[in-house]
Amino acid sequence: MDASRRGFLTIAGLSLVGAAGGSTLIAAIGEPGTAVESLPAEPPGGGRRLAMVIDLRKFGHDGELVERCIRACHRAHNVPDFGADRKNEIKWIWAEDFESTFRDEEFRYLRRDLQGKPTLLLCNHCDNPPCTRVCPTKATWRRPADGIVMMDWHRCIGCRYCIVACPYGSRSFNWTDPRPHLESPQADFPTRTRGVVEKCTFCEELLARGGQPACVEACADDEIVFGDLNDPGSKVRRLLAEHLAIRRQPGLGTRPEVYYIVEDPRTLAETAPAAVVPGAAENDHV
Amino acid sequence: MFEKALSGGRRYWAWMVSLLVVIGVGAACWYWQLSEGLTITGLSRDVVWGFYIAQFTFLVGVAASAVMVVLPYYLHDYRAFGKITILGELLAIAAVIMCMLFIFVDMGMPARILNIFLHPTPSSMMFWDAVALGGYLLLNIVISRVTLGAERRGDPPPAWITPVIVLSIPWAISIHTVTAFLYAGLAARPFWLTAIMAPRFLASAFASGPALLILLALVVRRVSDFDPGRQAIRALATIVTYAMVANVFFVAVELYTALYSGIPEHVSHFAYLFMGLDGEATLAPWMWASAVLAVVALVLLLNPGSRSSETSLVVACVAVFASLWIDKGLGMVVAGFVPSPLGRVVHYSPTAPELAIGLGIWAAGLLVVTGLFKIALEVRGHLRRP
């Protein structure tokens, strides 16, 4: 074999190895993230894509329903109550006014019924979650079968990188032992120890038993609707097809799966059964 | 060789014991933190990383800066660095150990730290940082041990160590690049979402590390027969000057992009740092001090007269080190969290136990550096018999 041919073969071989290594590395590093072109027309097929639609038209300004949802969730999941102690606070679902929830929208002359409206916030169970990507121990991950972003409290090392990476403030860290701060510990759900991160899991333990998330159960009239976006006949798909719904910071490419219907409550008259209208309208118009 | 760190005069032991006392106080506070949780720190739901992670970030730079003596000496055969190169490598060892300790005390579940290697996750920059730092520590231990050992026997260093030394050069760059990537790839934190972060980290590292090395070399000269040589100090001062100029330039580039574009989520963090937001201005005096120190340092360094005078060089080095410590060891990390993604401005300042733990780790670093320098100087016969 003459020298130049050997040289060529060496280079070709090395290039092949390099290309294979490179693509493996890229695959290992993971989906780069935000390219709009990569957005599938339909949510990724195969499994389910669980999502939540919060129908803000049906929430009042008094925060009563919001409080009921938070209580139901935090009680079911042994989330400690630190009262006014903001430093140690743990929350899986909580309320902010509408303007802070959608802070990047910079609403100026906001429709009156939305001004200061208590709005529920929780983990968005992103399709492209930045929190799972940064976890150094795979203690948090997106479940491919249904898109739920899960947590393993026995593996978490408490580095809090996931909290840093989450643009939604959805994760909490146990700065201190949470157990003394539980009002009524539930035996059917684990408590946590100090030093680990926790967050909403879309009540995967209730879903496994055929139930609905606790916050959804706390609602009386489809104020929060939960379901599978991959099922074209699902209630969530129908609501999204028929109403204007927004998500928090979609521009970051995280593909959040919690939607907020922001239409005028008066549209309830046209879309909902007649019986619901008067109560809802009274509640929502301030 | 290690036994050389265990014998010494009265002054040596007085120094080591006082460091041990500071370490002891830090360890006691860490035990307290272990039993109470990180609630004893100033950290909170909104500011989740603070003093510990900031010290870690700053010290990665000090560790990486060894490359500034290793590269000229080994790649360019710059003989003037002959005496000081080993000090740079030993300083890197101490700095990496401090980095690891700062990460360790920041963990909520330190007993599970090995999960990083039991469940390796290539998508996480923290995993790569652990790999990079561990590898860099190993490289520097091997290199300094082998070269010093050969020197003690009066042999030239073995040939196989040369590629290891060459590998340590890009490796040093990588530890600080990966540390910058820890921050710079997060869509949630616009303050850190900047391509200049890794270059800026490197520039500030190559200024602060050699500045510290100059100061340490001058201290060593006072307590021993060791003389780094005028030329070595001069060359290091030149390196500090270029690196500091580059660093200030990178900061200016950063400020321009944020302030001229005027995008609120980019401007607000700088406003918090230098002016304060909603009455929360804890860091503002520190940041202005950092800026003033940077200017003082540049004036002293750029002027050839004051750069070559040892007294003003010492002042300049202290100013460089302090300015960059404030910038990276206080401001950079905390400002990423304030205001929070929900627009909240939260106060953070380290608590007394948090500072005591941090001080303990700094003392541990000084202890390691003293012991290692002592070994190196003994091997070279620079220590007067007690």
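Structural notes, computed from the coordinates. All residue numbers refer to positions counted from 1 along the written sequence of the respective chain. Numbering of ligands from 1 and lettering of chains from A proceed in the order in which they are written. Thresholds applied to this predicted model are a pLDDT of at least 70 for local features of residues and 80 or more for the giving and counting of side-chain atom pairs; totals over whole chains, interfaces and linings are not thresholded and use all residues. The side-chain figures draw on all heavy atoms in the structure; neither hydrogens nor water molecules are used.

## Examining the overall build of chain A
Within chain A, the regular secondary structure consists of 10 helices and 10 strands. For chain A, the residues scored as buried account for 49% of the 286 residues in total. Between two residues, a contact is recorded if the distance between any of their heavy atoms is within 4.5 Å. Considering only intrachain contacts with a sequence separation of at least 6, the fraction spanning at least 24 residues in chain A is 67%. We get accessible surface area from the Shrake-Rupley algorithm with a probe of 1.4 Å; when it comes to residues, only the shown protein chains can shield them. Accessible surface, chain A: about 13300 Å² in total, of which carbon and sulfur atoms supply 56%. Numbering of helices and strands starts at the N terminus; helices are DSSP runs of H or I of at least 4 residues and strands are runs of E of at least 2. Burial classes follow relative accessibility: with a 1.4 Å probe on protein chains only, a residue under 20% of its type's maximum area counts as buried, one over 50% as exposed, and anything between as partly exposed.

## Describing the sheet that holds strand β10 (residues 258-261) of chain A
All names here are of chain A. Should DSSP find at least two bridges between two strands, the strands are taken to pair. Read across the sheet, four strands follow the order β8-β1-β10-β9 without closing on themselves; strand pairing throughout is mixed. Two strands in the sheet have a free side with no partner beyond their single neighbour: β8 (224-228) and β9 (245-246). Bridge count for strand β1 (residues 50-55) against β10 is four bridges, and the pairing is parallel. Bridging across to β10, Asp55 finds its partner in Ile261. In this analysis, axes come from line fits to C-alpha atoms, helices being fitted only over the stretch in contact, and the angle between any two N-to-C directions falls in the range 0 to 180 degrees. The sheet strands contacting helix α8 (residues 235-242) are β1, β8, β9 and β10, and the helix crosses β8 at an angle near 115 degrees.

## Focus: the packing of aromatic side chains
Only rings of Phe, Tyr and Trp enter the pairing, Trp through its six-membered ring, and a pair is recorded when the two centres are within 6.5 Å. The plane angle decides the type: under 30 degrees is stacked, over 60 is edge-to-face, the rest tilted. If you walk through the whole model with that rule in mind, you get 24 aromatic pairs over all chains. Ring centres of A:Trp153 and A:Phe189 lie 6.1 Å apart, and the angle between their planes is 75 degrees; on these two criteria the pair is classed as edge-to-face. Taken together, the residues span a long stretch of sequence, with A:Trp153 in the loop between β5 (149-151) and α5 (161-165) and A:Phe189 in the loop between β6 (172-173) and β7 (197-198) at a distance of 36 residues. A single burial state applies to A:Trp153 and to A:Phe189, both of which are buried. Relative to B:Phe250, the ring of B:Phe249 has its centre 6.0 Å away and its plane inclined at 50 degrees; by these criteria the two rings are tilted. By the ring-pair criterion, three or more aromatic residues cluster together here, those being A:Tyr161, B:Trp49, B:Tyr183, B:Trp192, B:Phe201 and B:Phe337. Of note, A:Arg192 hangs over the ring of A:Trp153, and the distance from its end group to the ring centre comes to 4.8 Å. The rule for a charge over a ring is simple: NZ of Lys or CZ of Arg within 6 Å of the ring centre, and within 35 degrees of the ring normal.

## With respect to empty space enclosed by the protein
Both site types are read off a 1 Å grid over the protein atoms alone. A 1.4 Å probe that fits but cannot get out defines a cavity, while an open set with protein on both sides within 12 Å along at least five of seven lines defines a pocket; lining residues have an atom within 4 Å of a point. Grid points are joined across faces, edges and corners, and a volume is the space filled by probe spheres set on the points. Tallied over the entire structure, the rule returns seven cavities of 30 Å³ or more. Quantified by volume, the largest cavity comes out at close to 130 Å³. Residue lining of the largest cavity: 13 residues in total, with A:Gly169, B:Arg45, B:Asp46, B:Arg189 and B:Pro341 positioned closest to the centre. We call Asp, Glu, Lys and Arg charged. Ala, Val, Leu, Ile, Met, Phe, Trp, Tyr, Cys and Pro are nonpolar, and the rest, Gly among them, are polar. Across the lining of the largest cavity, the residue classes tally to six nonpolar, two polar and five charged. Around the second largest cavity, the lining comprises 14 residues; the ones closest to its centre are A:Cys135, A:Pro136, A:Cys156, A:Cys159 and A:Cys162. Across the lining of the second largest cavity, the residue classes tally to nine nonpolar, three polar and two charged.

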